[in-house]
Amino acid sequence: MRPKPPILLSRILGNLPRSTQIAIGILAFAVVQLFRPPNTPMFLLSLECLFYLGAPILILAAFRSSQGTSHEIKRGNRTLRFQLMGIAFTCSPLVVQIGLRAMNFGDAYEVVAIMAVLNLAWYCTILSKVANCQNVAFFLNSSVVLFVCFATQDSIVYSAAFAYSLTALWWMLENYWNRLLPTKLGAETTALPIRGLAFVCSIFILLSVGIVAIAAGPISNVIALPSLMPSSGGEQGFDDMYARSGVGDGEMLTTGDNAKSVGAVDTDQFIEGQQPSIYDVVSEKFDGPTKIRKKMTSAQSLSEIAKHIHEVKQAEQSGRTFRTVRNSQKTITRKLEDRISDALFYVTGKVPVRFRVDCFHEFDGWDWTKSQSQISTHHRPKINMEVHNGNSWFVLDFLLPKFLKGDLHHQIQILRLDSAALPSTPFIKAWHIAKVNQKNLFKWDPSNLISIRSDTIASQTVIDVISHRANLFDLRAIHPSCFRKHEDPILTQLPINANSTKIRNLADSLTQDVEPGWQQVEAITRYLKTHFELIEDAAPDDECDDTVGWFLKNGGGPSYLFATTAVELLRSAGYQTRLATGFVVKKKDYVRKLGRSIVTHENYHVWPEICFDGCHWIPVEPTPGFEEPIGYLTFWQRALILYKTLVGWVISHPFQSACVLVSTSLLCYLRRYWIAFFMWCLWKAFAWGLPSTRLRMTRQLIDARLWLFGVPRPTYIAIRDWFGKIDKNLGDEFFDCWNRMQFCESIREIIPRKQVEIACRNIVSQLSLAKIRKYGQQKND
Amino acid sequence: MIDTSSTADISTVGPKLSSLRKQLNEVLIGKSDVVEMIITCLIANGHLLFDDLPGLGKTTVAKALAQSMGGRFSRVQCTPDLLPTDITGFNILDQETQTFEFQKGPVFSDFLLADEINRATPRTQSALFEAMAERQVTVDNRTIPLPDSFMVIATQNPVESHGAYPLPEAQLDRFAMKLNIGYPQRSDEIMMLGNSVGNQTDTSPVYPVLDLKDLKSIQAAVANVEVCEAVRGYLVDLGAATRQHPEVELGLSPRGLLLWLRVAQAWASLDNRSYVIPEDVQAMFFPVLRVRVAGQQPATDAILQEIIESVPVPNERMQK
């Protein structure tokens with residue numbers, strides 16, 4: 001006697017596998033609902049629940065009214081209405097979201113996408129009597145649940161997912177029960193305790209998964225792959241001020257008051273470490289400045305010399321100057337004594353990103369020094385304070401230029417950075433620090449940076465920063481005069497040395513045929529990026545009077561020399577430029593397990609910034625190996641670039657283009673043959689499959705061939721009748737095997753695999769492509 | 001309940017029926033497909049209606065079928081003055097015993113040939129309702145069972161309308177299938193004429209070649225032929241399609257579905273198969289549906305073709 005399938009759950013739910021499928025659909029819905037942000041509006045939840053309950057009735061009623069019978073659905077009659085309803089059903093969350101967003105509600109994009117998939121799964125569940133719909137629904141539901149499990153660490157979601165997996169396992173047991181049995185009935189099937197075996201295996205699998213999950217810990221379940229969730233997150237829906245984009249998003253995002261301290265940073269090894277100043281960081285990255293020399297006349301007394309040396313040292317160490325002539329590597333004592341961790345601060349949010357911590361305006365060919373720039377002092381935006389959701393936000397009040405669009409959200413957790421300057425993104429718009437609600441705590445420092453009225457920002461301070469994104473296309477469209485407004489001579493002056501003329505000539509040659517404006521800036525930076533090499537260790541010697549000249553002659557150097565050269569070239573071209581220093585966080589700095597990026601002295605970087613409209617500083621990147629700071633493009637702009645690139649490639653590669661065209665044309669012309677060949681390869685590859693699978697694949701292969709050559713088998717004609725029209729001498733082996741396998745339950749498994757294989761091969765060879773094509777031509781003629 | 005103790009093996013069905021097939025083919029020359037249908041109806045234990053023009057051999061083949069079996073055979077020539085009691089029988093007073101004695105009518109036989117059935121009045125036609133559906137006859141509150149192998153073979157002439165009464169739907173629904181014989185081919189007619197030369201009768205002599213016991217065992221074997229869920233679903237879908245077709249007034253009844261299932265089983269067994277495939281269902285579609293699909297206009301084969309084309313044939317068994 002054959003063991004019966006486990007139908008306990010089906011009996012409870014209505015003695016049908018479809019009932020189990022419906023239970024699976026409802027559980028998947030529950031998993032997603034639990035995954036959604038807790039503050040999802042109740043009316044939205046109610047609407048979706050109503051939708052889930054009402055949709056089956058509506059769909060089935062619609063089909064009954066149109067076709068008059070559900071049997072056609074059952075038989076797989078995929079009418080246009082069937083497909084249109086499926087599309088409408090799937091897209092309904094998107095439509096709802098458009099409406100909700102108009103009302104300032106709505107979910108993040110990921111949740112909307114999940115809901116769309118879930119709806120499609122539910123649609124398939126409702127129509128689960130249609131062939132394969134159950135499998136599709138099961139696959140979609142499982143994908144959604146799996147995704148949610150990887151994107152959360154909520155135990156309630158895990159519990160619901162566990163219930164889902166139990167139900168799904170049961171459904172699979174019911175659905176694929178026959179496959180668990182031996183292939184041939186000749187074996188003593190009763191000797192195998194199939195039911196018990198399946199039950200034990202199920203428990204074993206579940207336990208194993210559970211043990212692995214516990215051993216791996218919850219942290220392993222919240223790994224976000226780079227760019228896996230390309231949009232939003234946050235807790236307030238799509239419009240959340242805390243929401244942010246890109247790498248490290250999602251549930252790991254700790255925002256606002258929740259982000260006082262995170263993880264291991266509370267341990268002593270971080271807190272008690274010596275806090276490095278920016279000077280230490282620069283020294284760690286590029287080594288210390290060379291010994292003080294020069295700028296002395298022989299007439300000066302020793303005490304004056306000593307005094308001068310002391311002042312210069314003090315200026316360097318306090319960060320007021322930045323020397324472009326530095327020692328070679330490993331010649332100084334490291335200032336960062338805490339070698340357990342180099343982390344200066346953590347960053348959560350989209351990377352790559354750069355944080356400005358300092359800037360310099362005057363350059364004498366050797367040292368960069370800060371200066372009271374007129375532009376800096378006259379056009380500083382006012383700092384206002386606004387309260388959002390009970391949190392105080394400090395917002396810069398300035399007129400938004402056309403090229404700034406959208407928001408970027410980052411969170412910085414200061415660990416050991418000894419600096420009063422707020423690490424700020426290039427186009428900072430607003431910032432928030434927990435419990436800080438006085439705007440006079442912040443000020444503009446002389447170098448036009450926002451800093452705190454204190455010596456340093458305290459360790460463990462969490463700063464939320466919102467900044468604008470600059471659009472490259474809009475920037476290119478800006479009138480060149482905007483870069484020359486409120487001209488400040490300090491920002492365009494060049495050091496007087498032997499190379500100043502050479503620099504001017506170089507700048508002229510680089511910009512003479514280029515449209516004024518941002519294109520010229522790009523031309524200069526592109527030249528530096530493509531013609532010079534980043535050599536971190538290289539540095540001019542002590543005797544060097546002109547570091548830029550040395551850089552141009554040497555063909556490369558460290559990043560601060562790239563930046564310095566770029567500043568000189570840009571100033572020569574007439575653009576008001578300054579030198580900014582700070583940290584560039586790259587994609588490689590993102591630590592998936594922590595869900596954030598770690599910033600160390602290695603991230604220290606120097607770059608030029610160009611003044612726009614007197615109050616905005618646009619970063620440019622002349623150093624190779626660093627991503628462009630202005631990289632934001634809209635979808636259509638990207639599409640346009642792609643199109644132009646494609647057209648350019650076609651024009652520049654005529655031979656290759658012709659080859660691609662010819663091969664594509666051939667592929668199109670011979671599409672029937674290569675599709676048929678591909679299917680035949682698949683059929684060959686799965687020769688080891690079960691006899692029933694083999695027969696099904698053979699039938700599908702021949703049906704596909706018939707379809708490709710214009711004689712598709714009508715759905716109401718049995719395979720023997722239709723295949724027989726093509727070849728009157730077809731043998732009966734395949735059809736006998738097929739009929740026995742498909743329509744005879746009692747002797748289905750008796751068919752030997754070898755017999756099935758021979759029958760399949762025979763019919764595939766008999767109904768060859770040539771024969772089918774000939775028949776198709778005859779019929780169409 | 002099917003008595004499986006006397007069930008024949010499917011593989012023996014063909015040989016047992018070969019003599020019958022041969023004899024009927026000799027009687028109805030060149031109509032082997034019709035003969036197969038007749039045998040199918042016989043082993044499916046259904047009633048058969050021949051509907052065709054005069055002189056095509058309806059009565060001859062019906063008579064030959066009945067005579068080929070070893071059972072009792074009765075014939076009723078239906079006329080407008082035929083009474084129900086002429087078919088079922090009646091009670092007469094026995095003068096000696098002064099009691100009523102039931103005189104059995106022609107219905108009490110194994111095979112009843114109702115010739116020109118549409119010439120009987122509806123009242124008389126109705127006398128066969130109970131006999132055909134339940135295989136019993138009730139007269140004067142007395143129910144008398146008929147033999148298990150009871151089969152009605154009726155003929156009707158669709159052309160003549162004078163003095164004819166169309167069979168009611170309820171009556172039609174009791175027939176398993178309706179067969180059209182059609183004109184024979186030229187060569188078959190030449191052969192038929194050749195056979196008649198030198199013979200006093202027009203047809204070949206017919207002898208009993210299958211006894212009722214064998215027939216019963218074959219019918220039991222047919223009932224045991226396996227029908228999987230996919231094929232059952234296909235049958236139901238086709239039945240539903242007849243009810244949904246706008247030009248069909250009265251679709252297939254559940255009784256019709258059951259009869260269709262049985263003839264499909266019989267057709268499968270004639271092919272030496274112990275299971276039914278969709279092709280069996282399709283093969284029986286026209287004979288079974290012609291008899292019972294009634295519409296505003298005559299249920300033509302075109303309508304039936306539309307119906308069969310509206311339902312996809314199951315390619316694979318339904319997943320449980």
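A brief report on the enclosed structure follows. Keep in mind that this is a model prediction, so the values were computed, not measured.

Attention now moves to the overall build of chain A. What chain A contains, in helices and strands, is 27 helices and 19 strands. In chain A, which comprises 781 residues, the share counted as buried stands at 50%. If you take every contact in chain A between residues at least 6 apart in sequence, the share linking residues at least 24 apart comes to 75%. Summed over its atoms, the accessible surface of chain A is roughly 37300 Å², and 61% of this surface lies on carbon and sulfur atoms.

Time to look at the overall build of chain B. Looking only at helices and strands, chain B features 14 helices and eleven strands. Within chain B, the fraction of its 320 residues that count as buried is 52%. Considering only contacts within chain B whose residues lie at least 6 apart along the sequence, 77% involve residues at least 24 apart. Counting only carbon and sulfur atoms, one obtains 51% of the accessible surface of chain B, whose full area is about 14400 Å².

Residue and element names in this part refer to chain A. Along strand S8 (residues 404–414), eight of the eleven residues are buried, which leaves the element largely enclosed by surrounding structure. Of the strand pairs in this sheet, strand S2 (residues 345–349) and S8 are connected by five bridges, and their pairing is antiparallel. Opposite Thr-348, over in S8, you have Gln-411 as the bridge partner.

Quick look at the packing of aromatic side chains now. All names here are of chain A. Scanning all chains against the criterion turns up 23 aromatic pairs over all chains. Ring geometry for Phe-345 against Phe-355: centres 5.9 Å apart, planes inclined by 90 degrees, an arrangement best described as edge-to-face. Of this pair, Phe-345 sits in strand S2 while Phe-355 sits in strand S3 (residues 353–360), placing them ten residues apart in sequence. Between the aromatic rings of Phe-734 and Phe-735, the centroid separation amounts to 5.7 Å while the plane-to-plane angle is 80 degrees, which identifies the pairing as edge-to-face.

Bringing the nonpolar core into the picture now. In a soluble, globular protein the nonpolar side chains are often hidden away together inside. Core analysis: the largest hydrophobic core is formed by 105 residues, its most contacted members being Phe-723 of chain A together with Trp-260 of chain B. If you look at the next biggest cluster of nonpolar residues, it comprises 74 residues, including Val-436, Ala-470, Val-521 and Tyr-604 of chain A.

Let us now look at the sheet that holds strand S7 (residues 391–397) of chain A. Taken in spatial order, the eight strands make up an open sheet running S6-S7-S9-S12-S8-S2-S17-S16 (chain A), and their pairing is antiparallel. In the strand order of this sheet, the two ends are held by strand S6 (382–388) and strand S16 (590–591) of chain A, each with one partner.

All names here are of chain A. Enumeration according to the criterion identifies 22 salt bridges over all chains in this entry. Its salt-bridge partner being Glu-609, residue Arg-356 comes within 2.9 Å of it at the nearest N-O pair. Of the two residues, Arg-356 is situated in strand S3 and Glu-609 in strand S18 (residues 604–612); the sequence distance between them amounts to 253 residues. Assessed through its relative accessible area of 7%, Arg-356 is described here as buried. For Glu-609, a relative accessible area of 0% gives the class buried.

So, about the sheet that holds strand S15 (residues 577–585) of chain A. Residues and elements named next belong to chain A. Pairing is antiparallel in the open sheet, where four strands are placed in the order S3-S15-S18-S19. The outermost strands of the open sheet, each flanked by one partner alone, are S3 and strand S19 (616–619). Neighbouring strand axes in the sheet, compared pairwise and without regard to direction, differ in orientation by 45 degrees on average. Of the pairings in the sheet, the one linking S18 to S19 comprises four bridges and is antiparallel in character. Paired with Cys-611 across the bridge in S19 is Trp-617. Docked against the sheet, helix H19 (residues 559–572) engages S15 and S18, running at close to 15 degrees with respect to S18.

In this section: the packing of helix H18 (residues 547–554) of chain A against H19 of chain A. To characterise two packed helices, one gives the angle between the axes of the helices and the distance between these axes. Residues and elements named next belong to chain A. The N-to-C vectors of H18 and H19 enclose an angle of 110 degrees; their axes lie 9 Å apart at closest approach. Taken together, H18 and H19 sit at an angle that is classed as roughly perpendicular. Residues Thr-547, Val-548, Trp-550, Phe-551 and Leu-552 of H18 form the contact with H19, whose participating residues are Leu-561, Phe-562, Thr-564, Thr-565 and Glu-568. Taken together, the residues of the contact of H18 with H19 break down into six nonpolar, three polar and one charged.

Residues and elements named next belong to chain B. Relative to strand S4 (residues 99–104), strand S3 (residues 89–94) runs antiparallel, the two sharing six bridges. The residue bridging Ile-92 from the neighbouring strand is Glu-101, located in S4. The hairpin turn running from S3 into S4, its antiparallel successor, is four residues long, and Gln-98 in that turn takes a positive phi close to 55 degrees.

Bringing a nonpolar patch on the surface into the picture now. Residue and element names in this part refer to chain A. Side chains of Val-662, Leu-666, Leu-667, Tyr-669, Leu-670, Tyr-673 and Trp-674 sit close together on the surface and give an oily, nonpolar patch of about 720 Å² of accessible area. Secondary-structure elements contributing two or more residues to the nonpolar patch are helix H21 (654–669) and helix H22 (671–685). A total of four residues in the nonpolar patch trace back to one element, the largest contributor, which is H21.

Moving on, we come to helix H6 (residues 109–126) of chain A. The first and last C-alpha atoms of H6 of chain A sit 26 Å apart over 18 residues, in line with the 26 Å expected at 1.5 Å per residue. Counting buried positions along H6 of chain A yields 14 of 18 residues, so the element is predominantly enclosed.

Our focus in this paragraph is unusual backbone geometry. Cis peptide bonds are those with omega within 30 degrees of zero, and the linkage from Val-351 of chain A to Pro-352 of chain A qualifies with 5 degrees. Along the chain, Pro-352 of chain A falls in the loop between S2 and S3. Backbone geometry at Asn-141 of chain B places phi at a positive 65 degrees, although glycine is not the residue there. One can find Asn-141 of chain B in the loop between strand S6 (136–139) and strand S7 (142–145).

Moving on: the side chain of Ser-657 of chain A. When you line up the elements, Ser-657 of chain A lands in helix H21. For Ser-657 of chain A, the contacting residues outside a window of four places in its chain are Trp-649 and Val-650 of chain A.

Cut-offs and rules
Residues numbered from 1 in each chain as written. Chains lettered and ligands numbered in written order. Predicted model: local features only at pLDDT ≥ 70, side-chain atom pairs only at ≥ 80, totals over all residues. Heavy atoms only, no water. Helix = DSSP H or I, 4+ residues; strand = E, 2+ residues; numbered from the N terminus. Buried < 20%, exposed > 50% of the residue type's maximum accessible area, 1.4 Å probe, protein only. Contact = heavy atoms within 4.5 Å. Areas by Shrake-Rupley, 256 points an atom, 1.4 Å probe, with all protein chains shown as cover. Pairing = 2+ DSSP bridges. Phe/Tyr/Trp six-rings, centres within 6.5 Å; stacked < 30°, edge-to-face > 60°. Core = buried A, V, L, I, M, F, W, Y, C linked by side-chain atoms within 4.5 Å. Salt bridge = Lys/Arg side-chain N within 4 Å of Asp/Glu carboxyl O. Axes fitted to C-alpha atoms, helices over the stretch in contact; angles between N-to-C directions. Parallel < 35°, antiparallel > 145°, perpendicular 65-115°, else oblique. Nonpolar A, V, L, I, M, F, W, Y, C, P; charged D, E, K, R; others polar. Patch = residues over 30% accessible without salt bridge, like charges linked within 9 Å, V, L, I, M, F, W, Y side chains within 5 Å. Expected span 1.5 Å × (residues − 1).

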